[in-house]
Amino acid sequence: MAPVIYPTTNFTATEQLCLDRGEGIYVYDTDGNKYIEGLAGLWCTSLGYSNTEVMDAITEQLHKLPFSHTFGGKTHAPIMQLAQKLKAMVPVEDAYVFFGNSGSDANDTHVKMLRYYFNAIGKPEKRKIITRERGYHGVTVAAGSLTSLPANLAHFDAPLEALHILRSDAPHYYTGRQGNETEAQFTDRIIGNLEQQILAEDPDTIAAMIVEPVTGASGVIVPPEGYYEKLQVLLRKHGILVWADEVITGFGRTGADFGCTAMGIKPDLMTFAKQLSSAYFPISASVIPGWMYEAMINQTNEVGVFGHGYTYSGHPAACAAALKTLEIYERDNLFEHAAEVGAYMQAQLRGIFTDHPLVGEVRGIGLIAALELVSNKTTGASFDKGAAGAAAQKACEANGLIIRAVAGNAVALCPPIIITKDEVDDMLARLKTAIDSAYGDLK
Ligand code: PLP
């Protein structure tokens, strides 16, 4: 093993796959084996692996001005252009944008901005944040506390108590329903639970609720119809801000511009990363409404500065990558393409896998989906220790397909959004062979 502390990896594992190069939706390992990248890297390489326009935009910027910070009034054209572009795109009122380097740090920035804002308006007690079971929001100290996946909390003494994180139910009907509950009854029950929790905590102490419009790392949960409508009525009633973590769902993934559009969410705050630059250069964005920004002005004046910022906030090459990526999305109608090919992928997935004996649920929207692998299709019983997920992931790789086993026994699909219908057919054929073979091994 190289002396690398590999992220999200078992230290007793050995290196499994060494990638060498990529082209379109494909990647090649150092032995020359070719794979379809069925998870777009980590839900991020929307434009695939050989977009020379984005590469050229980055290198041109590097040759022109490879670095410039943006502290204390210093700026450069790409950061201003990118903020203007995002402001015009996002469903946030009079948006202002803070740039960072990762989804995690962007969520930490929001935690800090929420405190800064509520202190500014004289409500310092409004600081608790609601997250959901099975939510994934990153791994830095604050974002890691908002994340609910056991591996991200265990042994890190997380969540950090000082953050006052509240956890509410995951909106997953398939695994969360009780008895013969209908989807509507399930939704009413979990919204009711949340209301009880809000009242017990005192709404005046709660700043915001963070949601992934459709989850990723927890197994691609698409909440039931009507869930977000009821959730927003409840949060608005209690003066709790709606914070959409669009790190995966932003920019076409769900077949709409944003997950918020697809799911009917009107967010106050938004977080972006990944597809913002097709992952060709690290960049993230924390978006807040103008009224929040305005309220913070006096405080920055009193202290002298808004005392938050990274060396690489708005790195010129990262902004150039994002600007070019957004230009390509628009020019090539890639959100519409994702809607069309995504609807096709969802229909094919359901057609192929709904009756498969290893598959309990097929779920997803647009170009993001998951298969829930179960040991008993009638009861929905799962396999121990993610055995089916691991078997499926291995079988996929043996068949030239990279996917990701998440949340134990769910198999996630999230291909680059440039994927064509023919490539979807090829991807699903490989997936079918792999799932059949995993089923044979697990029986
Ligand atoms: N939020 C969501 C919804 C994510 O899926 C992720 C990463 O997968 C993050 C935040 C954290 O992003 P990063 O890994 O860039 O820190």
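Quick notes on the rules
- Residues numbered from 1 in each chain as written.
- Predicted model: local features only at pLDDT ≥ 70, side-chain atom pairs only at ≥ 80, totals over all residues.
- UniProt positions renumbered as here; feature names shortened; annotations may be inferred.
- Core = buried A, V, L, I, M, F, W, Y, C linked by C-beta atoms within 7 Å.
- Buried ≥ 20, exposed ≤ 12 C-beta atoms within 10 Å, placed from the backbone.
- Helix = DSSP H or I, 4+ residues; strand = E, 2+ residues; numbered from the N terminus.
- Contact = placed C-beta atoms within 7 Å.
- Pairing = 2+ DSSP bridges.
- Near = placed C-beta within 6 Å.
- Axes fitted to C-alpha atoms, helices over the stretch in contact; angles between N-to-C directions.
- Parallel < 35°, antiparallel > 145°, perpendicular 65-115°, else oblique.
- Left-handed = near helix turned anticlockwise from the far one by under 90°.
- Nonpolar A, V, L, I, M, F, W, Y, C, P; charged D, E, K, R; others polar.

- The protein is annotated in an unreviewed UniProt entry as Aminotransferase from Leisingera methylohalidivorans DSM 14336.
- UniProt annotates the protein under Cofactor (unreviewed entry) with the comment "pyridoxal 5'-phosphate".
- Here is the UniProt Sequence similarities (unreviewed entry) comment for the protein, exactly as written: "Belongs to the class-III pyridoxal-phosphate-dependent aminotransferase family."

Regarding the nonpolar core
Phase 1: In this structure, A208, V287, A321, A392 and A412 are the most contacted members of the largest nonpolar core, which totals 135 residues.
Phase 2: The element best represented in this core is helix α12 (residues 316-331), accounting for nine residues.
Phase 3: Beyond its immediate chain neighbours, meaning those up to four positions away, A392 contacts L373, A405, V411, A434, I435 and A438.

Observations concerning the pairing of strand β11 (residues 359-365)
Phase 1: By the criterion of burial, β11 is predominantly enclosed, with five of the seven residues buried.
Phase 2: Two successive antiparallel strands, β11 and strand β12 (residues 368-373), enclose a turn made up of two residues, where G366 displays a positive phi of approximately 60 degrees.

Notes on the site of the ligand
Phase 1: Close to the ligand lie 15 residues, the nearest being S102, G103, S104, G138 and V247.
Phase 2: In terms of residues, the shell around the ligand owes the most to one element, helix α4 (residues 103-120), which gives three residues.

Looking at the packing of helix α13 (residues 334-353) against helix α15 (residues 421-442)
Phase 1: Between α13 and α15, the least distance of the axes is 10 Å, while the angle of their chain directions is 25 degrees. As far as their axial angle goes, α15 and α13 are roughly parallel. Remark: the crossing between α13 and α15 carries right-handed chirality. Each of V341, Y344, M345, Q348, L349 and I352 in α13 lies in contact with α15, whose residues at this interface are K421, V424, L428 and K432.
Phase 2: Looking at the contact of α13 with α15 residue by residue, the class counts come to seven nonpolar, one polar and two charged.

Structural notes on the sheet that holds strand β15 (residues 410-413)
Phase 1: Read from one edge to the other, the open sheet built from four strands follows the order β11-β12-β15-β14, with strand pairing classed as antiparallel. The open sheet is flanked by β11 and β14 (404-406), the only strands paired with a single partner. Recorded for the sheet is a direction-independent mean angle of 25 degrees between the axes of neighbouring strands.
Phase 2: Taken strand by strand, α13 contacts β11 and β12, and its axis lies near 175 degrees from that of β11.
Phase 3: Against the sheet, helix α14 (residues 387-398) touches β12, β14 and β15, its axis set at about 175 degrees to β14.

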